[in-house]
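Working through the structure, step by step
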Amino acid sequence: MVVAACNRAARQQGIIAGMRVSEAAATGDVEIREYDPEEDLDRLCELAELAQQFSPLVGLEQLDRCLWAGRGLHRPEALLLDVTGIGPLFGGEAALVRQVGQWLRSQRFYGRMAIAGTVGAAWAVAACSRELEPVTPSHAHPSAGIAAGSPAQESPSGDRPRAVPGTEATGEPANNSMVDSADATQANIAADAAHEHTSQIPPSRFGIVAAGDDAEAVMHLPCHALRISAEQWTALQRLGLHTIASVLALPRSGLATRFGALFLQRLDQATGRLEEPIVTIGGRPDWCLEHALEYPTQDRAIVEESVCRLVEDLGRRLDSRGEGALRITCRLDFAESSPLLLQIGLFRPTHQTKHLQNLIIAQLESHLARQSARAVTRIGLHATLTAALRWKQTLLFDQQAAANRHEVARLIDVLSSRLGRKSVLQARPRREAQPESAFRMRPLTGRRHDGQPQDTVKKLSTRWAAQRAEPSSTDPLRRPTHLLPSPEPIRVAWEGPATAAPPHRFFHQGRWRTVVEAIGPERLESGWWRGPGQRREYYRIVDSHGDWFWIYRDLRTGQWFLHGWFD
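Quick caveat: nothing in here was measured; it's all calculated off a predicted structure.

Okay, the overall build of the protein chain next. Looking only at helices and strands, the protein chain features 16 helices and 20 strands. The 567 residues of the protein chain split such that 44% are buried. In the protein chain, of all internal contacts separated by at least 6 residues, the share reaching a separation of at least 24 is 67%.

Written out as structure tokens, the structure reads:
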């Protein structure tokens, strides 16, 4: 196993992405956590939805099939905001970007940000420039109407396309839900702890490119700022081309012949010659509903009634289009605190109003019960993921089966809403020889890499043939129906001298069992990247009572283990 990412403290100890975990652990007192790409993507999408307080058009960086040079993971790591004409509303572009930096700090993130005429130029400056300015620390609330600190003058042109990418996690993500306690002492302790943790995060850094200066701003940047593959970057280095300026000095025809059309496209996007659209996250206007209350209220009955009315309106709109919601976001804006964001994931698309109301109200009650009374000013409901409803003719004798499938889907929806998305999981097979690593538990709902809608039904059914773990359908008894979480050591015995053949008896559940038949051996070995290798010889054995077991011998130590049994 290797290090997928590391924070600032780890980098100061010499740990870098791509290092073996065993080497990283030997550097000193470090904390190692398993990387969860699904949780990482969900948190980034959550930040994108919250960032809509700065711009109505927010999305994630769009990746290519190949991993970009200088990147350790093939995952989106940057937010893109279209801030065309928005700067004056915040006191200028510099004030806007400072406020975004303060908001990221309140979310326990360190960000590198840039404003430029195109997405490519902004991404290059934010990711690779060494001349970014630090965001002035301030105690102003991140959702305040004006930026804290001394606002700078806005760039000459306020109506050109803008993008603000770049966020890097340096600490544990904070919960966006409002945290408060009836006990003032406990609340103060929690606030002091949060402030101490936030104070350890360095201030975000930003840069602003003047209108028309995109090409000049990226000239001195390294070539990997073009978002090209590692192979192309290596080829450029071999040619002695280390900056974008050196690449621009070459004829375009030669670059197209050697590196392809995508390379020229990335070059034009970085220098401002070619526009790049932002694929936004969030529902279409038809699926975004809001209700501003006439006056702030703490009455939960009024809040729930307003939510139910929004759900009814959303259900009618979905029904008229023949679509159903797969993910719904409910946002409550409070008068004097940060907003509360609730997300409801569905197993299959639906527009049934009563079902959606039950899911949202149940999660709303669960969150508000843990909070002190807050005055709600606005309620928003967004269907961020939708899909076409699937209509299928019911067979003559299959009506009960169809009804059961719908009931199971509703049960999954309710459990996911009340227990959390990570509590309702499915086992996904993996191509691993080591049995305990041949599957992975994943939530039933999810997103694509770009944060866009994912067809849940298709997700459950596609690629299972290609990813199917052993055994195959033609040999159903090669793997046990009950696999132990960890192998149990067992005592074995032979009638004669001990050999490498399967034993004649083994001790299990307080008694000796006689082996009457054995099938094997089947040798399984773990990959070298998992550390100390595992070398095992497995046998399927039958005892005198007709029970089937799956045992193996560790070829390194000679010890026998029971790993599962068959029904």
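After presenting the structure, the write-up continues.
The next thing to look at is the sheet that holds strand E15 (residues 491–493). The strands making up a sheet associate through hydrogen bonds between their backbones, and the pairing can be parallel or antiparallel. Strand order across the open sheet formed by 7 strands is E14-E20-E19-E18-E17-E16-E15, with antiparallel pairing between neighbours. Looking along the sheet, the strands with just one partner apiece sit at the ends: strand E14 (482–489) and E15. When the angles between neighbouring strand axes are averaged without regard to direction, this sheet yields 35°. Bridge analysis of strand E16 (residues 505–508) against strand E17 (residues 511–525) gives 4 bridges, and the strand direction is antiparallel. Note on E17: the bridge partner recorded for Phe-506 is Arg-513.

Below, the discussion takes up the packing of aromatic side chains. Under the counting rule described, the total for this entry stands at 12 aromatic pairs. Seen in terms of ring centroids, Phe-54 and Trp-103 are 5.6 Å apart; in terms of plane orientation they differ by 65°. Their pairing is edge-to-face. Here Phe-54 is found in the loop between helix H3 (37–50) and strand E1 (58–60), whereas its partner Trp-103 is found in helix H4 (residues 93–106), with 49 residues between them in sequence. Looking at Phe-54, the relative accessible area reads 3%, which means it is buried. An angle of 40° between the planes, with centres 4.8 Å apart, marks the rings of Tyr-538 and Tyr-552 as tilted. Placement of Tyr-538 in strand E18 (residues 535–543) and of Tyr-552 in strand E19 (residues 548–554) is noted, with a sequence separation of 14 residues between them. Summarising the burial analysis for this pair, Tyr-538 and Tyr-552 share the class buried. By way of ring pairs, the aromatic residues Tyr-538, Trp-550, Tyr-552 and Phe-561 are connected into one cluster.

Take unusual backbone geometry next. In this structure, the amide linkage connecting Gly-520 to the following residue, Pro-521, adopts the cis form with an omega of 5°. Tracing the sequence through the fold places Pro-521 in strand E17. Residues other than glycine seldom take positive phi values, yet Arg-108 does so here, at roughly 65°.

Counted at 1.5 Å a residue, the expected span for H3 with its 14 residues is 20 Å, and the 20 Å between its end C-alpha atoms agrees. By the burial criterion, the buried members of H3 are Pro-37, Glu-38, Leu-41, Asp-42, Arg-43, Leu-44, Cys-45, Leu-47, Ala-48, Glu-49 and Leu-50.

For the rest of this paragraph, the subject is the nonpolar core. Ranked by internal contacts, the top residues of the largest apolar core, which has 29 residues, are Val-307, Leu-314, Leu-332, Ile-360, Leu-364 and Leu-381. For this core, the secondary structure elements donating two or more residues are strand E8 (288–297), helix H12 (300–321), strand E9 (323–334), strand E10 (340–350), helix H13 (353–369) and strand E11 (376–388). It is H12 that contributes the most residues to this core, 7 residues altogether. Contact partners of Leu-381, with chain neighbours within four places excluded, come to Trp-287, Cys-288, Leu-289, Leu-310, Val-311, Leu-314, Ile-328, Thr-329, Cys-330 and Ile-360.

Their axes nearest at 8 Å, the elements helix H10 (residues 252–259) and helix H11 (residues 261–270) cross at an angle of 130°. By the criterion of interaxial angle, the relationship of H10 to H11 is oblique. In this structure, H10 contributes Arg-252, Leu-255, Ala-256 and Phe-259 to the contact, and H11 contributes Phe-263, Leu-264, Leu-267 and Asp-268. Looking at side-chain class alone, the contact of H10 with H11 contains 6 nonpolar, no polar and 2 charged residues.

Moving on: the pattern of salt bridges. Going through the model one piece at a time under the given rule, you end up with 19 salt bridges. Arg-273 is paired through a salt bridge with Asp-268; the nearest N and O atoms lie 3.6 Å apart. According to the relative accessible area criterion, Asp-268 is buried, its value standing at 12%. Because the salt bridges share partners, they merge into one network encompassing Asp-64, Arg-227, Arg-266 and Glu-276.

This part is about the sheet that holds E11. In spatial order, the strands read E8-E11-E9-E10; together these 4 strands make up an open sheet with antiparallel pairing. Taken across any chain shown, the strands that pair with only one partner, and hence form the sheet edges, are E8 and E10. When the angles between neighbouring strand axes are averaged without regard to direction, this sheet yields 15°. Sheet topology note: the E9/E10 ladder contains 7 bridges and is antiparallel. Bridge assignment links Cys-330 to a residue of E10, and that residue is Leu-342. Sitting on the sheet, H3 is in contact with E9, E10 and E11, with an inclination near 120° to E10. Running over the sheet, H13 touches E9, E10 and E11 and is turned about 150° from E10.

This next bit is on H12. Each α-helix turn comprises 3.6 residues. Residues three or four places apart therefore point the same way. Between its terminal C-alpha atoms H12 stretches 32 Å, which fits the 32 Å expected from 22 residues at 1.5 Å a residue. Taken residue by residue, H12 has Val-303, Ser-306, Val-307, Cys-308, Leu-310, Val-311, Leu-314, Gly-315 and Leu-318 as its buried positions. The opening residue of H12, the one whose side-chain oxygen lies 3.0 Å from the backbone nitrogen of Ala-301, is Asp-299. Just downstream of H12 lies Gly-322, where phi reads positive at about 70°.

Before going further, it helps to examine the environment of Val-542. Here Val-542 lies in strand E18. Placed 23 residues apart in sequence, Val-542 and Trp-565 show a C-alpha to C-alpha distance of 9.9 Å. Other than its neighbours up to four places away in sequence, Val-542 contacts Thr-514, Val-515, Val-516, Glu-517, Asp-547 and Trp-548.

On to the packing of H12 against H13. Between H12 and H13, the least distance of the axes is 10 Å, while the angle of their chain directions is 150°. Looking at the two axes, H12 sits roughly antiparallel to H13. Crossing hand, H12 versus H13: right-handed. Contact residues: Arg-300, Val-303, Glu-304, Val-307, Cys-308, Val-311, Glu-312 and Gly-315 in H12; Thr-353, Leu-356, Gln-357, Ile-360, Ile-361, Leu-364, Glu-365, Leu-368 and Ala-369 in H13. For the contact of H12 with H13, a count of residues per class yields 10 nonpolar, 3 polar and 4 charged.

Turning to a nonpolar patch on the surface, a few remarks are in order. Together, Leu-425, Phe-439, Met-441 and Leu-483 make up an exposed nonpolar region whose accessible area comes to about 330 Å². Tracing the sequence through the fold places Phe-439 in strand E13 (residues 439–443). On the accessibility criterion, Phe-439 (39% relative accessible area) is partly exposed.

Right, let's get into the confidence of the model for the protein chain. A residue-level look at the protein chain finds 75% of positions with pLDDT of 70 or above and a mean pLDDT of 77. The model gives residues 138–165 a pLDDT under 50, and that stretch makes 89 contacts with residues more than four places away or in other chains. The low-confidence segment residues 167–196 (pLDDT under 50) makes 51 contacts with residues lying over four places distant or belonging to another chain.

How each quantity is defined
- Residues numbered from 1 in each chain as written.
- Predicted model: local features only at pLDDT ≥ 70, side-chain atom pairs only at ≥ 80, totals over all residues.
- Heavy atoms only, no water.
- Helix = DSSP H or I, 4+ residues; strand = E, 2+ residues; numbered from the N terminus.
- Buried < 20%, exposed > 50% of the residue type's maximum accessible area, 1.4 Å probe, protein only.
- Contact = heavy atoms within 4.5 Å.
- Pairing = 2+ DSSP bridges.
- Axes fitted to C-alpha atoms, helices over the stretch in contact; angles between N-to-C directions.
- Phe/Tyr/Trp six-rings, centres within 6.5 Å; stacked < 30°, edge-to-face > 60°.
- Expected span 1.5 Å × (residues − 1).
- Core = buried A, V, L, I, M, F, W, Y, C linked by side-chain atoms within 4.5 Å.
- Parallel < 35°, antiparallel > 145°, perpendicular 65-115°, else oblique.
- Nonpolar A, V, L, I, M, F, W, Y, C, P; charged D, E, K, R; others polar.
- Salt bridge = Lys/Arg side-chain N within 4 Å of Asp/Glu carboxyl O.
- Polar contact = N/O pair within 3.5 Å; in protein donor to acceptor, adjacent residues only side chain to side chain.
- Left-handed = near helix turned anticlockwise from the far one by under 90°.
- Patch = residues over 30% accessible without salt bridge, like charges linked within 9 Å, V, L, I, M, F, W, Y side chains within 5 Å.
- Areas by Shrake-Rupley, 256 points an atom, 1.4 Å probe, with all protein chains shown as cover.
- pLDDT = per-residue confidence, 0-100.

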